[in-house]
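# Geometric and topological summary
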Amino acid sequence: MAEIKQVLVPDIGDYKDVSIIELLVKAGDTIKAEDNLVTLETDKAAMDVPSPYSGVIRELKVKVGDKVSQGSLILLLESSEAAAAPKDNPAAAQVMAAPVAAKLAEKPAAAPLPAQTMQAVAANGKAHASPAIRRFARELGVPVAQVKGSGEKGRVTKDDVQNFVKAALAQPRAAAGGNGMQVAAMPVVDFAKFGAIETRPLSRIKKISGANLHRNWVSIPHVTQFDEADITEMEAFRKELGVEYAKQNIKITPLAFLVKAVVVALQQFPEFNASLDAGGENLVLKQYFHIGVAVDTPDGLMVPVLRDADKKGIVQLARELGEMSARAREKKITAAEMQGGCFSISSLGGIGGTAFTPIINAPELAILGVSRAVIKPMHQDDTFVARLMLPLSLSYDHRVIDGAAAARFIVFLSQVLADTRRLAL
Ligand code: CAO
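Residues numbered from 1 in each chain as written. Predicted model: local features only at pLDDT ≥ 70, side-chain atom pairs only at ≥ 80, totals over all residues. Heavy atoms only, no water.

You'll find the chain entered in an unreviewed UniProt entry as Acetyltransferase component of pyruvate dehydrogenase complex, with Candidatus Gallionella acididurans given as the organism. As stated in UniProt under Catalytic activity (unreviewed entry), the record for the chain gives "N(6)-[(R)-dihydrolipoyl]-L-lysyl-[protein] + acetyl-CoA = N(6)-[(R)-S(8)-acetyldihydrolipoyl]-L-lysyl-[protein] + CoA". (UniProt positions renumbered as here; feature names shortened; annotations may be inferred.)

What follows is the structure in structure tokens.
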């Protein structure tokens, strides 16, 4: 026989005057024993109160915002079963998930989750979640609207949030080749404690290139091979050309020769003109020669790409380099013009420095850093002669390129630069 039961707040430990933050049922609902009725929230944890009985809700005696303690009347329920003694029905005294929530609440907020993960689940539609779950998700940095709910009527559960986090954490690991690398968080420092400061936001370009540089730096095993190319003859020729083409407003810098010499080296060593495919198991060899050139702009680094450099001569390359770097500095380079590169060159030769270790511009496999050429005494035919030496730094992806291959590549490149007739071969 149906019987009206009073459902009371069970033992919730030492907590008193706890807020009701959500009603999970309404009058008329048919529920089963252990279905959650209301969500309570303390300053440490969120907890759902389950029903000790199955039946139909007759009347709610609380509303959102009410404060309750152990023994407070929550609702009246028309029970469809015989009464069970509280000791026989652990649900009556159970405080669901409170220890878990309390533990998690002590953890610092997680970093925002990768955009790709969010997009992947966005198609699942609008989330329906209790405030307790929303708070739980917030503490973990999970955008609850992106979580697919597996609960009743698509309600997002604690498990759903936890699974979302697990999936997001697994993603960068997979991208990094499953190495499970964990990086300690940067310390949060109050710099103002040590002296006057000014806070300046990073430019949009720096934010985008910074994320890519970071990914490439941590996910590609870089090795940098150094060499010096004797460009004494090349420089004499460049100066001649420079005078000739100055009238046409074309500035011929060593960079045009470098682009051309790199193309010749890529033709000789095709595995440098390649990328790993998405699965990381095949090499995609390219039959075109598009060379990225790092350009320093007031807003940060950009790497526009010179297309079909193999089909262009030194003068045309010099002209295009001049136009391209000017347009980059005027922010006129489009995203499409920065795509499709096979190999990049980063020249700091106009500024100075002896060598540096450039970061590979993935999915390319290598990048050439160029520093400032200087006159050095070189030993030739039992004597020292003054030669103009150009420092080269070749960073390469050691997953694909062996050290011996990199050494052969850079030695070949140096020979081509030392004897520009080879550019025509
Ligand atoms: N050794 C000696 N002199 C060099 C040189 C070298 N390796 N490279 C260039 N120079 C000289 C040029 O001949 C030019 O001299 P003059 O003015 O007397 O003719 C002067 O240095 C300035 O050259 P430049 O920098 O204007 O031209 P460039 O073609 O060498 O470079 C560009 C163009 C766009 C690549 C360059 O301006 C630039 O932005 N470099 C920075 C790239 C960068 O930031 N890389 C770091 C990325 S992090 O890996």
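## Remarks on the overall build of the chain
When helices and strands are tallied, the chain shows ten helices and 19 strands. Within the chain, buried positions represent 40% of all 425 residues. Approximately 23,800 Å² of the chain is accessible, and the part contributed by carbon and sulfur atoms is 55%. (Helix = DSSP H or I, 4+ residues; strand = E, 2+ residues; numbered from the N terminus. Buried < 20%, exposed > 50% of the residue type's maximum accessible area, 1.4 Å probe, protein only. Areas by Shrake-Rupley, 256 points an atom, 1.4 Å probe, with all protein chains shown as cover.)

## Looking at the pattern of salt bridges
Evaluated as defined, the whole model comprises 18 salt bridges. The shortest N-O distance in the salt bridge between R387 and E233 comes to 3.3 Å. Of this pair, R387 sits in strand β19 (residues 383-397) while E233 sits in helix α7 (residues 232-246), placing them 154 residues apart in sequence. (Salt bridge = Lys/Arg side-chain N within 4 Å of Asp/Glu carboxyl O.)

## With respect to the site of the ligand
Near the ligand you find 21 residues, and of these T253, D296, R329, S346 and A373 are the closest. In the environment of the ligand, an oxygen atom lies 2.9 Å from a nitrogen or oxygen atom belonging to the backbone of D296. In the environment of the ligand, a nitrogen atom lies 2.8 Å from a nitrogen or oxygen atom belonging to the side chain of S346. Here the ligand loses 71% of its free accessible area of 960 Å² to cover by the protein chains. Contributing elements (two or more residues each) for the shell around the ligand: α8 (254-268), β13 (295-297), α9 (314-329) and β16 (343-347). Grouping the constituent residues of the shell around the ligand by class yields nine nonpolar, seven polar and five charged. (Near = heavy atom within 4 Å. Polar contact = N/O pair within 3.5 Å; in protein donor to acceptor, adjacent residues only side chain to side chain. Nonpolar A, V, L, I, M, F, W, Y, C, P; charged D, E, K, R; others polar.)

## With respect to the packing of aromatic side chains
Aromatic ring pairs are reported here in terms of the distance separating the ring centres and the angle at which the planes meet. Scanning the model with the defined rule gives six aromatic pairs in all. Judged by centre distance (5.7 Å) and plane angle (75°), the ring pair of F269 and F412 falls under edge-to-face. Here F269, found in the loop between α8 and β10 (274-276), pairs with F412, found in helix α10 (residues 403-418); they are 143 residues apart in sequence, far enough to count as distant. The class for F269 is buried, based on a relative accessible area of 17%. (Phe/Tyr/Trp six-rings, centres within 6.5 Å; stacked < 30°, edge-to-face > 60°.)

## A few points about the pairing of strand β18 (residues 374-380)
Bridge analysis of β18 against β19 gives seven bridges, and the strand direction is antiparallel. What sits directly across from M378, in β19, is V385. Following β18, the chain reverses through two residues before pairing antiparallel with β19; D381 in that reversal takes a positive phi of roughly 50°. (Pairing = 2+ DSSP bridges.)

## A look at the environment of E330
Following the sequence through the fold, E330 ends up in the loop between α9 and β16. Assessed through its relative accessible area of 46%, E330 is described here as partly exposed. Remark: the alpha-carbon pair of E330 and P298, spanning 32 residues in sequence, is separated by 9.2 Å.

## Looking at the side chain of H222
Inspection of the secondary structure assignment puts H222 in strand β9 (residues 222-230). Polar side-chain contacts of H222 include one of 2.9 Å to the backbone oxygen of I220. At 2.9 Å, the side chain of H222 and the backbone nitrogen of I360 are in polar contact.

## A word on unusual backbone geometry
Cis geometry marks the peptide bond from A362 to P363, where omega comes out at 10°. With respect to the secondary-structure elements, P363 resides in the loop between β16 and β17 (366-370). The backbone of D17 sits at a positive phi, close to 50°, despite the residue not being glycine. Looking at the element boundaries, D17 is found in the loop between β1 (3-8) and β2 (18-23). Accessibility expressed as a relative area gives 54% for D17, which makes it exposed. The backbone phi angle of K331 is positive, close to 60°, even though this residue is not glycine. Turning to its location among the elements, K331 is positioned in the loop between α9 and β16.

## Regarding the nonpolar core
Among the nonpolar cores identified, the biggest contains 60 residues, and F272, F343, L392 and L417 are the most heavily contacted of them. Elements that contribute at least two residues to this core include exactly α7, α8, β12 (291-293), α9, β16, β17, β19 and α10. A total of eleven residues in this core trace back to one element, the largest contributor, which is α8. With 19 residues, the next largest nonpolar core counts V25, M47, Y53 and I74 among its residues. (Core = buried A, V, L, I, M, F, W, Y, C linked by side-chain atoms within 4.5 Å.)

## Section: the side chain of S54
Relative to the helices and strands, S54 resides in the loop between β5 (46-50) and β6 (55-60). S54 gets classed as buried once you look at its relative accessible area, which sits at 18%. Among the polar contacts made by the side chain of S54, one reaches the main-chain amide nitrogen of A33 at a distance of 3.0 Å. Setting aside anything within four residues of it in sequence, one finds S54 in contact with I31, K32, A33, L77, E78, S79, S80 and E81. (Contact = heavy atoms within 4.5 Å.)

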